[in-house]
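The primary structure of each chain is shown beneath.
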Amino acid sequence: MPTADSFTALGGGNGFPYCLSKVDVSSSDYWTTLGGTQKGGTATESEKNLSIVNAMKIVWNFESIDFTLSSNTSGGSKSISSLDDSGKKPKERLCNPGISDSKTETGSGNSLVAEYNDIPTFTFSRFYDGSTSDENNYVGVGMAPSLDASSPPSLFDISGSASTANIAYRLSGVGVEPNQFFSGSSYVTRETGYVTISGLPFVYEVAAKGSSSDSRSVSSTACSASGSGSGGYAVNFSGPSFTFYTYS
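Cut-offs and rules
- Residues numbered from 1 in each chain as written.
- Predicted model: local features only at pLDDT ≥ 70, side-chain atom pairs only at ≥ 80, totals over all residues.
- Heavy atoms only, no water.
- Helix = DSSP H or I, 4+ residues; strand = E, 2+ residues; numbered from the N terminus.
- Rg over C-alpha atoms; globule rule 2.2 N^0.38 Å.
- Buried < 20%, exposed > 50% of the residue type's maximum accessible area, 1.4 Å probe, protein only.
- Contact = heavy atoms within 4.5 Å.
- Areas by Shrake-Rupley, 256 points an atom, 1.4 Å probe, with all protein chains shown as cover.
- Lys, Arg positive; Asp, Glu negative; His and termini not counted.
- Charge placed at Lys NZ, Arg CZ, Asp CG, Glu CD.
- Phe/Tyr/Trp six-rings, centres within 6.5 Å; stacked < 30°, edge-to-face > 60°.

Asker: Account for the overall build of the chain, with residues named and values stated.
Answerer: Helix and strand counts for the chain stand at one helix and 18 strands. On C-alpha atoms alone, the chain measures out to a radius of gyration of 19 Å, which is about the 18 Å that the 2.2 N^0.38 rule sets for 248 residues. By principal-axis analysis of the C-alpha atoms, the chain measures approximately 60 × 40 × 25 Å. Here the chain, with 248 residues, has 48% of them falling under the buried criterion. Across the chain, contacts joining residues at least 24 apart in sequence account for 62% of those joining residues at least 6 apart. Working note: accessible area of the chain is about 10600 Å², and carbon and sulfur atoms make up 46% of it. Separation of charge centres in the chain, based on 15 positive and 23 negative side chains, amounts to 2 Å.

Asker: I'd love a proper account of the environment of Asp-129, names of residues and values included.
Answerer: On the secondary structure map, Asp-129 appears in the loop between strand 8 (125-128) and strand 9 (138-142). In sequence terms Asp-129 and Val-139 are 10 residues apart; their C-alpha atoms lie 6.7 Å from each other. For Asp-129, the residues in contact, after removing those within four places along its chain, are Asp-24, Ser-26, Trp-31, Asn-137 and Val-139.

Asker: Can you lay out unusual backbone geometry for me, pointing to particular residues and giving the numbers?
Answerer: Between Glu-177 and Pro-178 the backbone carries a cis peptide bond, its omega angle lying at -5°. Considering the arrangement of structural elements, one finds Pro-178 in the loop between strand 12 (174-175) and strand 13 (188-197). Phi at Ser-86 takes a positive value of approximately 55°, unusual for a residue other than glycine. Structurally, the position occupied by Ser-86 is in the loop between strand 5 (76-84) and strand 6 (99-106). Residue classification places Ser-86 among the exposed positions, given a relative accessible area of 53%. The backbone phi angle of Ser-198 is positive, close to 55°, even though this residue is not glycine. Mapped onto the secondary structure, Ser-198 falls in the loop between strand 13 and strand 14 (200-209). Ser-198 sits in the partly exposed class, given a relative accessible area of 33%.

Asker: Summarise the side chain of Ser-172; cite the residues concerned and give the values.
Answerer: As for its placement among the helices and strands, Ser-172 is situated in strand 11 (residues 165-172). For Ser-172, a relative accessible area of 2% gives the class buried.

Asker: Quick one: what's the story with the packing of aromatic side chains, residue by residue and with numbers?
Answerer: Tallied over the entire structure, the rule returns 14 aromatic pairs. Ring geometry for Phe-156 and Phe-237: centres 6.2 Å apart, planes at 40°, overall tilted. Taken together, the residues span a long stretch of sequence, with Phe-156 in strand 10 (residues 156-162) and Phe-237 in strand 17 (residues 233-244) at a distance of 81 residues. By relative accessible area, which is 0% here, Phe-156 ends up buried.

Take a look at the structure:
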């Protein structure tokens, strides 16, 4: 694991370098705090505390997210394998919080996009299972970075295409069923649910689209679509995992 220099931060007096907004997530089809409390559950004090610890782990200690994203057509192949902190060490986030990274690869009949977004004062929120004016509804810290928790920007998302085959995947703290990937299209396989990645709980949304003869597959950590026409084509995603800094 990468090593960073130790430091002390007062932050916003809450463990973060900024204040957190309040979000009522009760109307979302799926939601989870970073302490593991899910829709329909009751948050314990230990889960509330863990949600803050895990959120701070992402804010201060994120170094990279690794995965396999590839696209192949008769015209060639493209791939993306990681997104990172662009060299912004944890101590540098004191006065300049937030990490964003994106990569795009395009070729002959194929394209790939991967994005990571930790947006200051926007990505992390205090979750409430009901009115935000009643602190008894507070369930922990999660990722629904807009006051309308039904369609938040995600912490991590990818998309890919190869000929008629298309895939999409995202990690966030809330989700809808069915998700809105490839809305209005035919021959789409979609899934929304809960997943734990590198010890952190998320809501995942995933979809694969193709022609009537294309193969499609989705799961909590992977998706793919492929076909045999035009010399064969395939687009695949799998295996997201996080790397975090440790301290000297």
